[in-house]
Amino acid sequence: MKQVWVFAEHQAGQWTSVTGELLVAARNIADQLNGELNVIVCGDQVEELAATLKQWKVDRVYLSQHPELNFYHPLVYTETIVDLVSEYGCPEMILFGATYLGRDLAPAIAARLGTGCAADCCDLKLDENGNLLQIVPGLGGTIFATIVTPFHRPQVATVKPGMLETLGSSENEDKAKALKPVEVVKVEPRFPQNTAAIQLHSVKQKPAKESGLQAAKRIVAGGAGISGPEGWSLLEELADVLGAAVGATRPAVDEGWASHDLMIGQSGKTVRPELYLGIGISGDMMHTIGIKGKGTLIAINQDPKAAIFKQVDYGIVADYRSILPVLIEEVKRREG
Amino acid sequence: MQPLQIAICVKPVPDPKESTQLQINPTTKTLVRKGIPLVINPMDRNALEAGVKLKEANGGKVTVFSMSPPEGELTMLETLALGADEAILLSDLIFAGGDTLATARVLAAGIKAQGNWDLVICGAESFDGGTAQVGAQLAVLLGTPWITRVSHLKRVDDKHLLVTVEDEVEQRELLVQLPVVLTVESVVNQARPLSLWGIVEARNKKITVYNADTLKLDQKGIGLDGSPTQTRDLFAPDASREAEILTGDSPQQIANQLLDKIGWSRKGAAN
């Protein structure tokens, strides 16, 4: 039977968000292939967590537990998963979240197995022959490419967080109560002889830099067209009166007007706001790929030909400096 | 401390300042770089800087490896002016169009052909491809450990480096034993600018060109045909919305229209 494997990553005792997204997509793909959805879990004391995978109708979990697996060791994780492939049969595909860990581990496993790895996919589909169509944004930021690995198995891919649809979690948990428990196969981790070449020296939790951007219902985002810190303050003032979070394109971050954690797009965050207002943003896909959902999108840009006007619901062709101050005043006036 | 033999992998990329000029070859589905000046991939400058700093501290040799068409030679010259001792250009028509694994195979063959090494440093990702995959794949092929996205690095003794990496929730310091492959972020250092003296010195340094024959590479695993991944299709983003352009006699009128459209009335918003 054809197998679809997902590497289920957890941080601080919880599945990463992209793990849930991958599992929904992978279940779907496995069903289309009349195959099984099997999940790899590595860690220390993660058996209870692994049991929660039943909400995604997982067929089997390959569970590798060891105190040393608490810390991501590239060699140990790679060899443990390469062992799984030789022990339990080569799957059609192994999917990873495009997190720090996934982007490190997936290409290494692909190289060990001599197969292909598609990076940072934003969508996954199957073609009529059951090949995985791995949709990646790229080549300068104006185009999508469909990557296939036609003659090698497994097909390895990393998928960018926030790109695939996920189910509501409460709805999932309710359903899960009725589902049968997941079959758990315990597997030994593999410690290659040069394991000691990488040793954990210290760990520091990063301060939670929650900008609230990903959960924001309203977002005011700025790009290169803002052209200076004074303009950026004006944008922040508008965001403030609208009760919106501030977002940015890469050029705005590179200019230093906004911090890196406010970046939306290919190398930043994926957002699903009800209201998005983009100011001085050209509409390069590197940014707009990070705007998902069915919210109302608005753009203000001086250039009537800007690509952003083909991607939004309402456009204003004007210098933002003339619009923003009156917009701010009008919002305040309407607020009373 | 002992001197180190350091290999730096450099990718010549289209100048980021000219990236809007990029085009796609519809047949091979690869990037057409013709006419756009090539520069050192920005993060590879940091990789080179890290290597040159280690050499300046304790001696050794910095060798740059690059898989590139012959036009990459000018980029090689630039790496020599920035402090590399020697550059190896891995250049052959059959290398063209390789994916990350095919590229890693060529780089690994080049590094092995050159002899002993203690440390390989790559930029964390390229400006144009951006997959960030080559470093880890190169390490697998060389049979050594790897650490990707290093933001800080320090040599602690003859055989060990202390490196810092960050994932989404943690910052970790790792003690790594040489030989190792590292990929570095741009924050790892401040890359030095070109100096006149560096350019003068570069003229006395050597650029060697290796092709598939000199590297004894099996053609089955390299170039477009030897790549496990293929680009099947390229398509423009689905421009699913066409903006209704709001116009008016004054900014005030336009602002009012916008707020009416999104249903922003008294007591806050409604969508």
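None of these values were measured; they are calculated from a predicted model. (Residues numbered from 1 in each chain as written. Chains lettered and ligands numbered in written order. Predicted model: local features only at pLDDT ≥ 70, side-chain atom pairs only at ≥ 80, totals over all residues. Heavy atoms only, no water.)

*Asks:* What is the right way to read the overall build of chain B from this model?
*Replies:* Tallying secondary structure elements over chain B gives 6 helices and 15 strands in all. Relative to its length of 271 residues, chain B is extended, with a C-alpha radius of gyration of 23 Å against a globular reference of 18 Å. In terms of principal-axis extent, the alpha carbons of chain B reach across some 70 × 45 × 40 Å. The buried share among the 271 residues of chain B stands at 49%. Within chain B, contacts between residues separated by at least 24 positions form 71% of all contacts whose residues are at least 6 apart in sequence. Of the accessible surface of chain B, which amounts to about 12,600 Å², a share of 51% is contributed by carbon and sulfur atoms. Distance from the positive charge centre (27 side chains) to the negative charge centre (33 side chains) of chain B: 2 Å. (Helix = DSSP H or I, 4+ residues; strand = E, 2+ residues; numbered from the N terminus. Rg over C-alpha atoms; globule rule 2.2 N^0.38 Å. Buried < 20%, exposed > 50% of the residue type's maximum accessible area, 1.4 Å probe, protein only. Contact = heavy atoms within 4.5 Å. Areas by Shrake-Rupley, 256 points an atom, 1.4 Å probe, with all protein chains shown as cover. Lys, Arg positive; Asp, Glu negative; His and termini not counted. Charge placed at Lys NZ, Arg CZ, Asp CG, Glu CD.)

*Asks:* Where do I start with the interface of chain A and chain B in this structure?
*Replies:* Interfaces are often sized by the accessible area lost when the parts come together. Listed by partner, the interface residues are 81 residues for chain A and 69 residues for chain B. For the pair chain A and chain B, the two sides together bury roughly 6,800 Å², of which 58% comes from carbon and sulfur. Where chain A meets chain B, there are 6 salt bridges. Across the salt bridge formed by Arg241 of chain B and Asp313 of chain A, the nearest N and O atoms sit 2.6 Å from each other. For the side of chain A that touches chain B, the element with the highest residue contribution is helix 9 (residues 320-335) of chain A, accounting for 9 residues. (Buried area = accessible area lost by both parts, 1.4 Å probe. Salt bridge = Lys/Arg side-chain N within 4 Å of Asp/Glu carboxyl O.)

*Asks:* Honestly, the domain arrangement of chain A in this entry has me stumped. Any pointers?
*Replies:* Residues and elements named next belong to chain A. Along its sequence, chain A is carved into domain 1 (3-197) and domain 2 (218-335). Centre-to-centre separation of domain 1 and domain 2, based on C-alpha positions: 35 Å. Contact residues are listed per partner, giving 15 residues for domain 1 and 11 residues for domain 2. Across the domain 1-domain 2 interface, the total number found is 0 salt bridges. Our count for the domain 1 to domain 2 interface comes out at 5 residue pairs in polar contact (both at pLDDT 80 or more). When contributions to the side of domain 1 that touches domain 2 are tallied by element, the ones reaching two or more residues are strand 9 (132-138) and strand 10 (143-148). (Domains from an automatic or database assignment. Polar contact = N/O pair within 3.5 Å; in protein donor to acceptor, adjacent residues only side chain to side chain.)

*Asks:* Teacher, can you tell me more about the packing of aromatic side chains here?
*Replies:* Each aromatic ring pair is summarised here by two numbers: the centre-to-centre distance and the angle between the ring planes. Residues and elements named next belong to chain A. According to the stated counting rule, one finds 7 aromatic pairs over all chains in the structure shown. On the basis of an interplanar angle of 25 degrees and a centroid distance of 5.6 Å, the ring pair of Phe7 and Phe96 is categorised as stacked. Linking Phe7 in strand 1 (residues 3-7) with Phe96 in strand 6 (residues 93-97), this pair joins segments that are 89 residues apart in sequence. Of the two residues examined, Phe7 and Phe96, each falls in the buried class. The rings of Phe7, Tyr72, Tyr77 and Phe96 are connected pair by pair, giving a single aromatic cluster. (Phe/Tyr/Trp six-rings, centres within 6.5 Å; stacked < 30°, edge-to-face > 60°.)

*Asks:* Looking at this model, I keep getting lost on the state of the cysteines. Mind explaining?
*Replies:* Think of a disulfide as a covalent bridge from one cysteine sulfur atom to another cysteine sulfur atom. All names here are of chain B. Counting across every chain of the model gives 0 disulfides over all chains. Cysteine Cys9 shares no disulfide, and the gap to the nearest cysteine sulfur, in Cys122, comes to 3.9 Å. According to the relative accessible area criterion, Cys9 is buried, its value standing at 5%. (Disulfide = S-S within 2.5 Å.)

*Asks:* Would you take a moment to explain the sheet that holds strand 15 (residues 244-245) of chain B for this structure?
*Replies:* Paired through their backbone hydrogen bonds, the strands of a sheet run either parallel or antiparallel. Pairing is parallel across the open sheet formed by 6 strands, whose spatial order is 15(A)-14(A)-16(A)-17(A)-18(A)-15(B). Of all strands in the sheet, those with a lone pairing partner are strand 15 (245-248) of chain A together with strand 15 of chain B, marking the two edges. Pairing of strand 14 (residues 218-222) of chain A with strand 16 (residues 275-279) of chain A involves 5 bridges; the strand directions are parallel. When the bridges of strand 16 of chain A are listed, Ala221 of chain A appears paired with Gly278 of chain A. (Pairing = 2+ DSSP bridges.)

*Asks:* Please clarify how the layout of surface pockets should be interpreted in this entry.
*Replies:* The probe, sized like a water molecule, is rolled over the atoms to show the empty space still left. Residues and elements named next belong to chain B. In this structure, the second largest pocket encloses a volume near 180 Å³. Taken together, Glu49, Ala50, Lys53, Leu54, His152, Leu153, Lys154, Arg155, Val188 and Asn189 make up the full set of residues lining the second largest pocket. Mapped by element, the contributors of at least two residues to the lining of the second largest pocket are helix 1 (42-58) and strand 9 (146-157). Across the lining of the second largest pocket, the residue classes break down as 4 nonpolar, 2 polar and 4 charged. (1 Å grid on protein atoms, 1.4 Å probe; cavity = no way out; pocket = protein on both sides within 12 Å on 5 of 7 lines; lining within 4 Å. Points joined across faces, edges and corners; volume = space filled by probe spheres on them. Nonpolar A, V, L, I, M, F, W, Y, C, P; charged D, E, K, R; others polar.)

*Asks:* Looking at this model, I keep getting lost on helix 4 (residues 134-142) of chain B. Mind explaining?
*Replies:* Residue pairs spaced three or four apart in an α-helix point in one direction, given the helix's 3.6 residues per turn. Residue and element names in this part refer to chain B. Taking burial as the measure, the 9 residues of helix 4 include 7 buried ones, the bulk of the element. By the burial criterion, the buried members of helix 4 are Gly135, Ala136, Gln137, Leu138, Ala139, Val140 and Leu142. Residue Gly143 follows helix 4 closely and has a positive phi angle near 75 degrees.

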